[in-house]
Amino acid sequence: MAQSSLEELWSVPGNNRCVDCGVPEPDWASINLGVMVCLDCSGIHRQLGVHISQVRSVKLDTKCWQGELMQHMRSIGNLTFNRVWEGGVPTETVRPSEFPNHPAVREAFILSKYRDRKFFLNAESEGVVDMEARVPRGKDVSFESDVVKLSGATIFGKPKWDSRTLRLGGGQLEYLSKSTVKGTIPLDGCSFSLLDNDTYPGHSHLLAVHTPADGPNDGRRFVFSCESAQLAVKWLQLLRFAAREPSPVHSPPSAPPPPPPGAEDPGPSGTLSQLAVTLASEAGQRARSEALRASDCHSLDQPSELGVWTPCHCVLTPWCLYLFKSADDLDRPIALIPLQNAELEEHGRLIPDGTDAATAPAYRLAVWYPMGYLSIGSQDQSDHDAWLEAIKGAVDQAQQDQ
């Protein structure tokens, strides 16, 4: 039974490889997201919490793999899922497949992808929201921390290590002793990597900076030991952005993202996208005749710190939450969430401020499903509470009636 379920799940486009790291034949799944993951990535998914990802084993949890769950899993698939959840991933992003022996890379990628939703790109934002332009790069990237630097000298035949402060800014890397600059590394032409912990016994969390042969450092490799694996990964990511160095394993989506609401052809994106297209085509009629609640509010155009809060008009119906540009334009939604598969995030502190914290609404909530995400906010607590109560009730009822 387990093997037949696996083969059926692997037949869905993209499901024969882990949705996060790409290893072949994953036998674990996130059943609410509708994707297949490997054993290593499933452990990080468990850390996310069940409000984000609900993990099951296809081989061990055999009784659940039938009926509605199998239909749900077949309706999404890893390929379709990643066109949305990795639709806005920067080319410089450090990926698990690049450093499979570094768990901190896997952890950082999965937390960014699901908890922080840094790579999420709604289909209706394609070609409208320029995510690449919102990511700081080049001289705009700055950071510093204490490290231990591999010296060129030796002590009793062993490499010497020096305590330093590593500072990134202005397109270059400096290492300092106290407040004195001991050396500078221009980032032009450099590449960056993580080294295995056994490369230099006694030192771990190793970051390497490889300088060009024709540069001022004559092709020298600089090695720094960071305080933690997480810090080493953060340094690697920031250096990639500062040097505009693309990941060697980055590849663009293999096909266009799912069609935006209102598109005539639902394409190959599965049942959920087809449902969204149907609900979009009925948006005007439903918004005018079935509204449970409607009001002007603000919405975050991308569900991460890179998002921008913009004015909009929100309409809740028994089966769908719609977002329109204004109350005068109800025939074509700019976003929607089918409530049958929706999850509600009511803790405002978990919803990003966006690019400008000063303009972020004081009261926020979010509603999402595997193919879409909406963050809406208000400056009025009573309005927020009314929306929260209405959405909770509508989601519960839609899922009971499904």
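The coordinates are above.
*Asks:* Teacher, can you tell me more about the packing of helix H5 (residues 103–115) against helix H7 (residues 229–243) here?
*Replies:* Helices that pack against each other are described as a pair by the angle of their axes relative to one another and the distance between those axes. Direction vectors running N to C along H5 and H7 enclose 65°, while the axes themselves pass 9 Å from each other. When the axes of H5 and H7 are compared, the pair comes out roughly perpendicular. Handedness of the crossing formed by H5 with H7: right-handed. Within the contact between the two elements, H5 uses Ala104, Val105, Glu107 and Ala108 and H7 uses Ala229, Gln230 and Val233. Taken together, the residues of the contact of H5 with H7 sort by class into 5 nonpolar, 1 polar and 1 charged.

*Asks:* Mind showing me how you'd approach helix H4 (residues 78–85) here?
*Replies:* In an α-helix, one full turn covers 3.6 residues, which means residues spaced three or four apart are oriented alike. The buried count for H4 comes to 7 of 8 residues, which makes it a mostly enclosed element. Where H4 is concerned, the buried positions are Asn78, Thr80, Phe81, Asn82, Arg83, Val84 and Trp85.

*Asks:* For this particular structure, what's the right way to read the nonpolar core?
*Replies:* Nonpolar side chains tend toward joint burial in soluble globular proteins. Within the largest apolar cluster, 65 residues are counted, with the highest numbers of intra-cluster contacts made by Phe81, Trp85, Tyr114, Leu321, Tyr322, Leu339 and Ile391. When neighbours within four sequence positions are excluded, Tyr322 is seen to be in contact with Leu279, Glu282, Ala283, Arg286, His313, Cys314, Val315, Thr317, Pro333, Ala335 and Leu336. Val129, Cys190, Phe222 and Phe224 belong to the second-largest nonpolar core, a separate cluster that totals 34 residues.

*Asks:* What is the right way to look at the sheet that holds strand S11 (residues 293–300) in this model?
*Replies:* Pairing between the strands of a sheet comes from backbone hydrogen bonds, and it takes one of two forms, parallel or antiparallel. Taken in spatial order, the 7 strands line up as S14-S13-S12-S11-S17-S16-S15 in an open sheet, and their pairing is antiparallel. Two strands bound the open sheet, and with one partner strand each, they are strand S14 (335–338) and strand S15 (343–345). Neighbouring strand axes in the sheet, compared pairwise and without regard to direction, differ in orientation by 30° on average. Bridge count between strand S13 (residues 320–324) and S14: 4 bridges; the pairing is antiparallel.

*Asks:* Explanation requested: unusual backbone geometry in the structure shown.
*Replies:* Glycine aside, residues mostly have negative phi angles, and peptide bonds mostly take the trans form. One non-glycine residue, Arg117, lies in the positive phi region at around 50°. You can see Arg117 is positioned in the loop between H5 and helix H6 (131–134). On the basis of relative accessible area, Arg117 is assigned to the buried category, the value being 7%. Even without glycine at this site, Lys178 takes up a positive phi of about 60°. Here Lys178 shows up in the loop between strand S6 (172–177) and strand S7 (180–186). Look at Lys178 and you get exposed, because its relative accessible area is 80%.

*Asks:* Help me understand the pairing of strand S8 (residues 191–195) in this model?
*Replies:* Regular strands show a simple pattern: their side chains alternate between the two faces of the sheet. With respect to burial, S8 is a largely interior element, 4 of its 5 residues being buried. Relative to strand S9 (residues 206–210), S8 runs antiparallel, the two being bridged by 5 bridges. By the bridge assignment for S9, Leu195 is matched with Leu206.

*Asks:* Help me out: how do you make sense of the sheet that holds strand S2 (residues 35–37) in this one?
*Replies:* Strand order in the open sheet formed by 3 strands is S2-S1-S3, and the pairing between neighbours is antiparallel. On the outer flanks of this sheet lie S2 and strand S3 (55–57), each paired with one strand and no other. Within this sheet the neighbouring strands show an average axis-to-axis angle of 35°, counted without direction. Pairing between strand S1 (residues 28–30) and S3: 3 bridges, direction antiparallel. Its bridge partner lying in S3, Ala29 is registered against Arg56.

*Asks:* Before we go on, may I ask you to explain the packing of aromatic side chains in this structure?
*Replies:* Two aromatic rings, taken as a pair, are described by how far apart their centres are and by the angle between their planes. In this structure the tally under the stated criterion is 12 aromatic pairs. Between the aromatic rings of Phe81 and Trp85, the centroid separation amounts to 5.1 Å while the plane-to-plane angle is 10°, which identifies the pairing as stacked. Placement of the pair is Phe81 and Trp85 together in helix H4, with a separation of 4 residues, close to one helical turn. Given a relative accessible area of 0%, Phe81 falls into the buried group. Consider the rings of Tyr175 and Phe222, whose centres lie 5.9 Å apart with planes at 45°: the pair is tilted. Residue Tyr175 is found in strand S6, and its partner Phe222 is found in strand S10 (residues 221–225); the two are separated by 47 residues along the sequence. The burial state of Tyr175 is the same as that of Phe222; both residues are buried. Above the face of the Trp368 ring, Arg117 is positioned so that its terminal group lies 4.8 Å from the ring centre.

About the criteria used
- Residues numbered from 1 in each chain as written.
- Predicted model: local features only at pLDDT ≥ 70, side-chain atom pairs only at ≥ 80, totals over all residues.
- Heavy atoms only, no water.
- Axes fitted to C-alpha atoms, helices over the stretch in contact; angles between N-to-C directions.
- Helix = DSSP H or I, 4+ residues; strand = E, 2+ residues; numbered from the N terminus.
- Parallel < 35°, antiparallel > 145°, perpendicular 65-115°, else oblique.
- Left-handed = near helix turned anticlockwise from the far one by under 90°.
- Contact = heavy atoms within 4.5 Å.
- Nonpolar A, V, L, I, M, F, W, Y, C, P; charged D, E, K, R; others polar.
- Buried < 20%, exposed > 50% of the residue type's maximum accessible area, 1.4 Å probe, protein only.
- Core = buried A, V, L, I, M, F, W, Y, C linked by side-chain atoms within 4.5 Å.
- Pairing = 2+ DSSP bridges.
- Phe/Tyr/Trp six-rings, centres within 6.5 Å; stacked < 30°, edge-to-face > 60°.
- Lys NZ or Arg CZ within 6 Å of the ring centre and 35° of its normal.

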